[in-house]
Amino acid sequence: MNIEKSFRFPFEDKQWLSKLGLGALITIVPILNFAWSGYLVDIIRNVMNNDAEPLPNWDDLGKQLSEGLILFAASLVYASPILILMCLPLSMMAFSGLISGNSNMEDVARVITGAGSVLFSGLLCIFVLYALALSVIYPAILVMFSREGTFASCFKLQEAFDLISRNAGPFFTAWGLSLVGGLVVSLAIGIVNFTVGLIPCIGWIASLALSLGSGVYIAAVYAHLFGQFGVIVFGNPQLTPVDQSLQEPT
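Keep in mind that what you see is a predicted model, and the values were worked out from it rather than measured. (Residues numbered from 1 in each chain as written. Predicted model: local features only at pLDDT ≥ 70, side-chain atom pairs only at ≥ 80, totals over all residues. Heavy atoms only, no water.)

Student: Quick question: what am I supposed to make of a nonpolar patch on the surface here?
Tutor: Judged by side-chain polarity, L22, L25, I28 and V29 come together as a nonpolar surface patch covering roughly 330 Å² of accessible area. Looking at the secondary structure, you find V29 in the loop between α2 (16-26) and α3 (35-48). Relative accessible area serves as the criterion here: at 33%, V29 is assigned to the partly exposed category. (Patch = residues over 30% accessible without salt bridge, like charges linked within 9 Å, V, L, I, M, F, W, Y side chains within 5 Å. Areas by Shrake-Rupley, 256 points an atom, 1.4 Å probe, with all protein chains shown as cover. Salt bridge = Lys/Arg side-chain N within 4 Å of Asp/Glu carboxyl O. Helix = DSSP H or I, 4+ residues; strand = E, 2+ residues; numbered from the N terminus. Buried < 20%, exposed > 50% of the residue type's maximum accessible area, 1.4 Å probe, protein only.)

Written out as C-alpha cells, the structure is:
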C-alpha cells in the first residue's frame, strides 16, 4: 500500500479546494449530507479503477445521494438490535419515574430504577463492543458496496469476513492508519481551533471552516486507504465496475 499517497492525494488534484470545500458544505445540510457517503464510495471506486485524480466531481449528486441513503438505511438495520435493546432499560426508568409520585410505590420505583440502571450499564458495554466490531467490518462492506452498489451487498457478512481474514495485513494497516491519522489530525486542528477561537467572529468562522475541512480530509484519506485495499483484494483495478458481480479475493 502507498500510505503516503493516501494522505497527500487530495492536494494533488488541481480542484481539491472546490471539491472538498463543496463536500464540507454538503455535510452540514440535512438530508443532502447523505451524499457525502456516496462521494466516499466514488473515491474508493476511482482508486480501484486507478484514476489519476481519485477525487470525484460533484456532477452526479443524485447518484451520490441515493447511494448515501442506501448506506444509511443499511446502518439503521445494523443499529436496530442495540436500539431495540436500549429501549428496555430506558422504559423501566421512565416507568419508575411515573410511579415514584405514589408514596405506596416508592420502594418498587427504586427497585425498578436500580434494575434499569444496571441493565442500561450492561447494555452500554455491549453497545461499545458492537460499535467497535462494526467499525472493523464496515470498511469491507463499503468496498463490496463500491463494486455492486446494491442494498443487498451491505449484508454479505460472510464475504466481508473472508475479505478481512484473507487480507488481514493490508486491511488492518488501512484501518489502523485511518484511525491514528484521524486522531492526529483532530488533535492538531483542536489545538489550532482553541487558539483562533479566542478571536471573536473571524476566529469562530475560521474554527468552523477548519473543523469541516479536517473532517472531509480525514474521510477522503479513509476512502483512499480502503480503495487501495480493494485493489489488493480484487486484483486488476480495471475489473471493478459497479455492475460487475463480486469476485472471490485472490
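Student: Sorry, what's going on with unusual backbone geometry here?
Tutor: Backbone geometry follows two general trends: most residues other than glycine have a negative phi, and most peptide bonds adopt the trans configuration. In this structure, I31 takes a positive phi of about 70° despite not being glycine. Looking at the element boundaries, I31 is found in the loop between α2 and α3. Here the phi dihedral of C201 falls at roughly 60°; this positive angle occurs in a residue that is not glycine. With respect to the secondary-structure elements, C201 resides in the loop between α7 (168-196) and α8 (202-234).

Student: Honestly, the layout of surface pockets in this entry has me stumped. Any pointers?
Tutor: One water molecule sets the probe size; rolling that probe over the atoms shows where empty space is left. Its boundaries defined by the atoms lining it, the largest pocket holds a volume of some 300 Å³. S135, Y138, P139, S178 and Y222 are the residues nearest the centre of the largest pocket, which is lined by 13 residues in total. In terms of residue count, α7 provides more of the lining of the largest pocket than any other element does, 5 residues in total. Counted by class, the lining of the largest pocket contains 9 nonpolar, 4 polar and no charged residues. In this structure, the second largest pocket encloses a volume near 160 Å³. In terms of lining, the second largest pocket is formed by F11, W16, L17, L20, G21, A24, A209, L212, G213, V216 and Y217. For the lining of the second largest pocket, the secondary structure elements donating two or more residues are α2 and α8. Class assignment of the residues belonging to the lining of the second largest pocket gives a composition of 9 nonpolar, 2 polar and no charged. (1 Å grid on protein atoms, 1.4 Å probe; cavity = no way out; pocket = protein on both sides within 12 Å on 5 of 7 lines; lining within 4 Å. Points joined across faces, edges and corners; volume = space filled by probe spheres on them. Nonpolar A, V, L, I, M, F, W, Y, C, P; charged D, E, K, R; others polar.)

Student: What's the story with the packing of aromatic side chains in this structure? I'm lost.
Tutor: A complete count under the given rule lists 14 aromatic pairs for this structure. Where F34 meets F72, the ring centres are 4.6 Å apart and the plane angle is 45°; that geometry is what we call tilted. Of this pair, F34 sits in the loop between α2 and α3 while F72 sits in helix α4 (residues 61-99), and the two are 38 residues apart along the sequence. When the centroid spacing of 5.2 Å and the interplanar angle of 15° are considered together, the rings of W36 and Y39 count as stacked. Of this pair, W36 and Y39 both sit in helix α3, 3 residues apart, roughly one helical turn. These aromatic residues form a ring-pair network of at least three members: F171, F172, W175, Y222, F226 and F229. If you follow R147 out to its NZ or CZ, it ends over the ring of F234, 3.9 Å from the centre. (Phe/Tyr/Trp six-rings, centres within 6.5 Å; stacked < 30°, edge-to-face > 60°. Lys NZ or Arg CZ within 6 Å of the ring centre and 35° of its normal.)

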